[in-house]
Amino acid sequence: MSEKPDGTHGDPGLLTKTKPKTQRPPLYKVLILNDDYTPMEFVVHILERFFGLNHSQAFEIMLTVHKKGLAVVGVFSYEIAETKVTQVMDFARRHQHPLQCTMEKE
Ligand code: TYC
């Protein structure tokens, strides 16, 4: 039976509403990984510059990465996550630091 704009199927006496399925786009976590060479201040700067964190948030996340090995720095749509990873990797490479940034489906 064809669906009417009100979600019913023509006969007002029949309550056979079709629930509209709203598909949410998948989200991606962006992660920063620890290494032994990238200076702490450089990581803090990256977190402020590319992830809009304030200095104390950036410092805290940098310390988490330093102690635990990695941390999620944000959750984004695929395109935004990919852009952040590229920006971080390019910036780190240009400054000759081995910092690694990756993304992972949530
Ligand atoms: N471990 C680094 C150091 O001691 C600091 C660091 C923190 C590096 C976080 C990378 O994602 C990182 N200089």
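Up top is the structure these notes are about.
Remember, predicted model here, so these are calculated numbers, not experimental data.

Novice: I would appreciate a short explanation of the site of the ligand in the present structure.
Specialist: Around the ligand, the surrounding shell consists of Ile32, Leu33, Asn34, Asp35, Thr38, Met40, Val43, Met62, Val65, His66 and Leu99. Take Asp35: an N or O atom from its main chain is 2.7 Å from a nitrogen atom of the ligand. Isolated, the ligand exposes 350 Å² of accessible area, and the fraction of that covered by the protein chains is 88%. When atoms are counted within 2 Å of each cavity's grid points, the one that captures over half of the ligand is the largest pocket. When residues of the shell around the ligand are traced back to their parent elements, those giving at least two are strand 1 (28-33), helix 1 (40-51) and helix 2 (55-68).

Novice: So what exactly am I meant to see when it comes to helix 3 (residues 78-94) here?
Specialist: Since one α-helical turn is 3.6 residues long, residues separated by three or four positions face the same way. With 17 residues, helix 3 ought to run about 24 Å at 1.5 Å a step, and its terminal C-alpha atoms sit 24 Å apart, in line with that. Within helix 3 the residues assigned to the buried category are Ala81, Lys84, Val85, Val88, Met89, Phe91 and Ala92. On an axial view of helix 3, the arc spanned by its buried residues comes to 165°, and they lie on one face. Exposed residues on helix 3 whose side chains face more than 90 degrees from its buried face are Glu79, Arg93 and Arg94. Elements in contact with the buried residues of helix 3: strand 1, helix 1, strand 2 (70-76) and strand 3 (100-105). A positive backbone phi angle near 60° is found at Gln96, which sits one or two residues after helix 3.

Novice: I would appreciate a short explanation of the nonpolar core in the present structure.
Specialist: Within soluble globular proteins, side chains that are nonpolar tend to cluster in buried spots. Membership of the largest hydrophobic core comes to 26 residues, with the highest contact counts inside it found for Val30, Ile32, Ile46, Leu47, Phe51, Val88 and Leu99. At the level of elements, strand 1, helix 1, helix 2, strand 2 and helix 3 are the ones that each hand at least two residues to this core. Sorting elements by how many residues they give to this core places helix 1 first, with seven residues. Those residues within four positions of Phe51 in sequence are excluded, and the remaining contacts are Val30, Ile46, Val73, Phe76, Lys84 and Val88.

Parameters and conventions
Residues numbered from 1 in each chain as written. Predicted model: local features only at pLDDT ≥ 70, side-chain atom pairs only at ≥ 80, totals over all residues. Heavy atoms only, no water. Near = heavy atom within 4 Å. Polar contact = N/O pair within 3.5 Å; in protein donor to acceptor, adjacent residues only side chain to side chain. Areas by Shrake-Rupley, 256 points an atom, 1.4 Å probe, with all protein chains shown as cover. 1 Å grid on protein atoms, 1.4 Å probe; cavity = no way out; pocket = protein on both sides within 12 Å on 5 of 7 lines; lining within 4 Å. Sits in = over half its atoms within 2 Å of the grid points. Helix = DSSP H or I, 4+ residues; strand = E, 2+ residues; numbered from the N terminus. Expected span 1.5 Å × (residues − 1). Buried < 20%, exposed > 50% of the residue type's maximum accessible area, 1.4 Å probe, protein only. Arc of directions from axis to C-beta. Contact = heavy atoms within 4.5 Å. Core = buried A, V, L, I, M, F, W, Y, C linked by side-chain atoms within 4.5 Å.

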